[in-house]
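Spelled out, the chains give:
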Amino acid sequence: MAVQYAGGANCAVISQIRQAISRIETIFSRYGYIPFITHCIDGAHSAGSLHYVGAAIDFRSLGLPEKIKQSIFRDLQTAFTLPTWWVDLETPWKNPGVD
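None of these values were measured; they are calculated from a predicted model. (Residues numbered from 1 in each chain as written. Predicted model: local features only at pLDDT ≥ 70, side-chain atom pairs only at ≥ 80, totals over all residues. Heavy atoms only, no water.)

## Regarding the environment of I24
The topology assignment puts I24 in helix 1 (residues 15-30). What makes I24 buried here is its relative accessible area of 7%. Sequence separation between I24 and I34 is 10 residues, and the spatial gap between their C-alpha atoms is 9.3 Å. Ignoring anything within four residues of it in the chain, the contact list for I24 reads P35, I57, F59, L76 and F80. (Helix = DSSP H or I, 4+ residues; strand = E, 2+ residues; numbered from the N terminus. Buried < 20%, exposed > 50% of the residue type's maximum accessible area, 1.4 Å probe, protein only. Contact = heavy atoms within 4.5 Å.)

Next comes the structure, spelled out in structure tokens:
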């Protein structure tokens, strides 16, 4: 399986993020899904966001069955732990208008 990117997603990311994308692809593939990157260094993020220096990525979970979404989220939290990594499952009311 390969990672899919949103049209126009600029993914000039640092090497740690490129390595993380490979690990994320493995986690998604366990459930028969392909990760879909929506934002890397592009998109609207808060001032000082790690996105702007190529140290953060966003994946789409829209359309995943809830049980699968929660399982992938749990696996990502296990694979990527604080303080180095932060994994968040945003909800529509937390980030309205973002796919």
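## Some remarks on the packing of aromatic side chains
Given two aromatic rings, one states the distance between the centres and the angle between the planes to describe the pair. Scanning the entire structure with this criterion turns up two aromatic pairs. Both rings, one in F80 and one in W85, keep their centres 5.0 Å apart while their planes meet at 70°; by these two values the pair is edge-to-face. Residue F80 is classed as buried on the basis of its relative accessible area, which comes to 5%. Judged by relative accessible area, W85 falls into the partly exposed class, the value being 23%. (Phe/Tyr/Trp six-rings, centres within 6.5 Å; stacked < 30°, edge-to-face > 60°.)

## What about the pattern of salt bridges?
According to the stated counting rule, one finds three salt bridges in the structure shown. Measuring nitrogen to oxygen at the nearest pair gives 3.4 Å for the salt bridge that ties D75 to R30. Of this pair, D75 sits in helix 2 (residues 66-79) while R30 sits in helix 1, placing them 45 residues apart in sequence. With relative accessibility at 15%, the residue D75 sits in the buried group. The exposed category is assigned to R30, whose relative accessible area is 55%. Of the charged contacts, one joins R74 and D75 as a salt bridge, the two residues approaching to 4.0 Å between their closest N and O atoms. Three or more residues joined by partner-sharing salt bridges are found here, namely R30, R74 and D75. (Salt bridge = Lys/Arg side-chain N within 4 Å of Asp/Glu carboxyl O.)

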